[in-house]
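Now for the letters of each chain:
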Amino acid sequence: MDRKRQLGNVAFGGAWSEQIAGDEALAAALDRLDKAVKDTLYEDLRGFDEVRQALAVACEWHPKGDMLAHA
């Protein structure tokens, strides 16, 4: 079961329960980008959708995300 749907069933939730899924998505994206830094030594990752999606998630959470994505 995915986390967002699982936490949607929390009756006493609130903002914290909705933020958990977002925090986990951001952590997973940052882990993927960290791995991409190492992997790029061996191969060009610019065409990889997984890396592009991770970058989009990370930039979504950063105040200067648009500038980072452009760079």
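Residue positions within a chain follow its written sequence, with the count starting from 1. pLDDT decides what is reported in this predicted model: residues at 70 or higher carry local features, side-chain atom pairs at 80 or more are listed and counted, and totals for whole chains, interfaces and linings draw on all residues regardless. Note: side-chain values were computed over all heavy atoms of the structure, leaving out hydrogens and water.

Caption draft 1: Looking closely at the overall build of the protein. For the protein, the count of helices and strands is 4 helices and 0 strands. To qualify as a helix, a DSSP run of H or I must reach at least 4 residues; to qualify as a strand, a run of E must reach at least 2; elements of each kind are numbered from the N terminus. What you see in the protein, going N to C, is helices and strands ordered as α-α-α-α. Any residue under 20% of the maximum accessible area for its type is buried, any over 50% is exposed, and the rest in between are partly exposed; the area is computed with a 1.4 Å probe on protein chains only. Counting only residues that meet the buried cut, the protein has 23% of its 71 residues in that class. By definition, residues are in contact when any of their heavy atoms lie within 4.5 Å. Contacts spanning at least 24 positions in sequence make up 31% of the contacts within the protein whose residues lie at least 6 apart. Summed over all atoms, the accessible surface of the protein reaches about 5,800 Å², with 57% contributed by carbon and sulfur. Residue-level accessible areas treat just the shown protein chains as cover; the underlying method is Shrake-Rupley with a 1.4 Å probe.

Caption draft 2: Representation of the pattern of salt bridges. When a carboxyl oxygen of Asp or Glu lies within 4 Å of a side-chain nitrogen of Lys or Arg, that pair is called a salt bridge. For the coordinates displayed, the defined rule picks out 6 salt bridges. Here R32 ties to D39 by a salt bridge, and the two come within 3.8 Å at their closest N and O atoms. The class for R32 is buried, based on a relative accessible area of 14%. One network of salt bridges, in which partners are shared, links R32, K35, D39 and E50.

Caption draft 3: Broad picture of the layout of surface pockets. The calculated volume of the largest pocket comes to roughly 190 Å³. Of all elements in the fold, only α2 (15–39) and α3 (49–61) reach the threshold of two or more residues within the lining of the largest pocket. When residue character is reported, Ala, Val, Leu, Ile, Met, Phe, Trp, Tyr, Cys and Pro are called nonpolar, Asp, Glu, Lys and Arg charged, and the others, Gly included, polar. For the lining of the largest pocket, a count of residues per class yields 7 nonpolar, 1 polar and 3 charged. Points on a 1 Å grid over protein atoms alone make up a cavity when a 1.4 Å probe fits among them but cannot get out, and a pocket when they form an open set with protein on both sides within 12 Å along at least five of seven lines; lining residues each have an atom within 4 Å of a point. Grid points are joined across faces, edges and corners, and a volume is the space filled by probe spheres set on the points.

Caption draft 4: Layout of α3. A helix is expected to reach a length of 1.5 Å times the quantity of its residues less one. Over its 13 residues, α3 runs 19 Å from end to end, which matches the ideal 18 Å to within 8%, given 1.5 Å per residue. Among the residues of α3, V51, A54, A58 and C59 are the ones counted as buried. In a view along the axis of α3, the buried residues occupy a sector of 130°, so they form one face of it. Across from the buried face of α3, at angles greater than 90 degrees, the exposed residues are Q53 and E60. What the arc covers is the set of directions going from the helix axis to the C-beta atoms.

Caption draft 5: Molecular detail of the nonpolar core. Counting 8 residues, the largest nonpolar core is built from L26, A29, L33, A36, L45, V51, A54 and A58. A per-element tally of this core places α2 first, with 4 residues. The nonpolar core is taken to be a set of buried Ala, Val, Leu, Ile, Met, Phe, Trp, Tyr and Cys residues, with the residues joined through side-chain atoms within 4.5 Å.

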